[in-house]
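Observations on chain architecture
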Amino acid sequence: MQVGIIGAGVMGRVHAQALGQIAGVAVAAVGARQPGPAAAELARTHGAELLGVAELLARPDIDAVVIATPTDSHLELVRAAA
């Protein structure tokens, strides 16, 4: 299963670490509205691609998305992911 993570803060890192421990699951992409050093580091650590949010959501090879952003942005991102 290929997973994308949107958000590279504490929760993004926690989810990425947990996903990395599940057989058959890979963090394939990290998405950020404005990719910065934290997102780049998270992607590098997990061998994932760093993308903008729209790019991540448009990838047909992403099976699931973890939304690890501040709570007030969840609705918009869930709608976009759906």
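Notes on the structure follow. No experiment lies behind these values; they were computed from the predicted model shown. In this convention, every chain numbers its residues from 1, walking through the sequence in written order. Only residues with pLDDT of at least 70 get local features here, since the model is predicted, and only at 80 or more are side-chain atom pairs given and counted; chain-wide, interface and lining totals rely on the full set of residues. For side-chain calculations, the full set of non-hydrogen atoms in the structure is used, while hydrogens and water are omitted.

Before going further, it helps to spend a moment on the pairing of strand β3 (residues 49-52). In this structure, strand β2 (residues 26-32) lies alongside β3, joined through four bridges in parallel fashion. Paired with valine 30 across the strands is leucine 50, a residue of β3. The definition of a right-handed crossover adopted here requires that, viewed with the strands pointing away, the path from the first strand over the helix to the second runs clockwise. The numbering of helices and of strands both runs from the N terminus, where a helix is a DSSP run of H or I of at least 4 residues and a strand a run of E of at least 2. In terms of handedness, the path from β2 via helix α2 (residues 37-45) over to β3 forms a crossover that is right-handed. Two strands pair if DSSP finds at least two bridges between them.

This next bit is on the side chain of threonine 69. Within the secondary structure layout, threonine 69 lies in the loop between β4 (64-67) and α4 (74-81). Counted as a polar contact is a pair of N or O atoms within 3.5 Å, where, for protein atoms, one must be capable of donating a hydrogen and the other of accepting one, and residues adjacent in sequence contribute only when both atoms are in side chains. Looking at threonine 69, its side chain comes within polar contact range of the side chain of serine 73, at 2.6 Å. Two residues qualify as a contact provided that any one of their heavy atoms is within 4.5 Å of a heavy atom in the partner residue. Beyond its immediate stretch of four places on either side in the chain, threonine 69 contacts Ile6, Gly7, His74 and Leu77.

Sheet architecture is open: four strands sit in the order β3-β2-β1-β4, paired in parallel fashion. Every other strand in the sheet has two partners, leaving β3 and β4 as the edge strands with one partner each. The sheet shows a mean angle of 30° between the axes of neighbouring strands, taken without regard to direction. As paired strands, strand β1 (residues 2-6) and β4 are joined by four bridges and run parallel to one another. When the bridges of β4 are listed, glycine 4 appears paired with valine 65. To get an axis, fit a line to the C-alpha atoms, keeping to the stretch in contact for a helix; angles then go from 0 to 180 degrees between the N-to-C directions. Along the sheet, helix α1 (residues 10-19) makes contact with β1, β2 and β4, crossing β1 at roughly 170°.

Attention now moves to the environment of proline 70. Relative to the helices and strands, proline 70 is located in the loop between β4 and α4. Exposure remark for proline 70: the relative accessible area of 58% places this residue in the exposed category. Sequence spacing of proline 70 and leucine 50 is 20 residues, and the spatial spacing of their C-alpha atoms is 19 Å. Accessible area is worked out with a 1.4 Å probe on protein chains only. A residue is then buried under 20% of its type maximum, exposed over 50%, and partly exposed in between.

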